[in-house]
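# Architecture and fold: a report
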Amino acid sequence: MSRATTGVPNLDWTDPECPVARALDLVGDRWSLLVIRDAMDGARSFTEFQRRTGIARNILADRLRRLVAHGLLAQRAAPSGRRQEYVLTDAGRDLFAVVLTLRQWGERHAFAPGEAHSVLVDRHGAPVPEIAPTGADGTLLDTDTTHVRKTR
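About the criteria used
Residues numbered from 1 in each chain as written. Predicted model: local features only at pLDDT ≥ 70, side-chain atom pairs only at ≥ 80, totals over all residues. Heavy atoms only, no water. Axes fitted to C-alpha atoms, helices over the stretch in contact; angles between N-to-C directions. Helix = DSSP H or I, 4+ residues; strand = E, 2+ residues; numbered from the N terminus. Parallel < 35°, antiparallel > 145°, perpendicular 65-115°, else oblique. Contact = heavy atoms within 4.5 Å. Salt bridge = Lys/Arg side-chain N within 4 Å of Asp/Glu carboxyl O. Buried < 20%, exposed > 50% of the residue type's maximum accessible area, 1.4 Å probe, protein only. Core = buried A, V, L, I, M, F, W, Y, C linked by side-chain atoms within 4.5 Å.

What follows concerns the packing of helix 3 (residues 32-40) against helix 7 (residues 96-109). Helix 7 packs onto helix 3 with a crossing angle of 105 degrees between their chain directions and a minimal axis gap of 10 Å. Considered as vectors, helix 3 and helix 7 are oriented roughly perpendicular to each other. Counted together, Leu33, Ile36, Arg37 and Met40 of helix 3 and Phe96, Val98, Val99 and Leu102 of helix 7 form the full contact between these two elements.

A word on the packing of helix 3 against helix 5 (residues 57-69). Relative to each other, helix 3 and helix 5 sit at 75 degrees, their axes nearing to 10 Å. When the axes of helix 3 and helix 5 are compared, the pair comes out roughly perpendicular. Where helix 3 abuts helix 5, its residues Ser32, Val35 and Ile36 lie against Leu60, Arg63, Leu64 and Leu67.

Looking now at the pattern of salt bridges. This model, assessed by the stated rule, comprises 11 salt bridges. Across the pair aspartate 29 and arginine 66 runs a salt bridge whose closest N-O atoms are separated by 4.0 Å. With aspartate 29 in the loop between helix 2 (19-27) and helix 3 and arginine 66 in helix 5, the pair connects residues that are 37 residues apart, well separated along the chain. Owing to a relative accessible area of 22%, aspartate 29 belongs among the partly exposed residues under this scheme. The class of arginine 66 is partly exposed, set by a relative accessible area of 27%.

Attention shifts here to the environment of aspartate 90. Along the polypeptide, aspartate 90 turns up in helix 6 (residues 90-93). Judged by relative accessible area, which is 56%, aspartate 90 ranks as exposed. Distance from aspartate 90 to leucine 72, taken between C-alpha atoms, is 7.4 Å for residues 18 residues apart in sequence.

To continue, consider the nonpolar core. One finds Ile36, Phe49, Leu64 and Leu73 to be the most contacted residues of the largest nonpolar core, which totals 21 residues. Looking at this core, the elements with two or more residues in it are helix 2, helix 3, helix 4 (46-53), helix 5 and strand 2 (84-88). A total of four residues in this core trace back to one element, the largest contributor, which is helix 3. Leave out the neighbours within four places in its chain, and phenylalanine 49 touches Val35, Asp38, Ala39, Ala43, Arg44, Gly54, Leu60, Leu64 and Tyr86.

Below, the structure written as structure tokens:
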């Protein structure tokens, strides 16, 4: 379990009072969210994560260890009983909206017009609609209509 979820202060936080900075400290490196993405898409074994991402084995071992330590993945015996597999925890599944939002941003900004890319679809095969944050009154939120308020 991570220090973030146990209440033990972590002296290594980039910005201890910022939820964005803390989240990035947990999953903001190049590989962690790709491992989470692949777990969301059904990857379970070390070999499967390695094959899908192309990540070096030592880096993958480190990322899996960290994601388990931070409570985003859990290890359990594979159905065969011979190996361990990795499964998303509730905290890991909570990253779905983050991965979806990054995917949609990537679709808009990381590809040339008409360039082929994968598309996330729902169980009926329809493309997942764009995520658009709204306020309590239903109006769209953006950087002009929000601000950070410190608690304390």
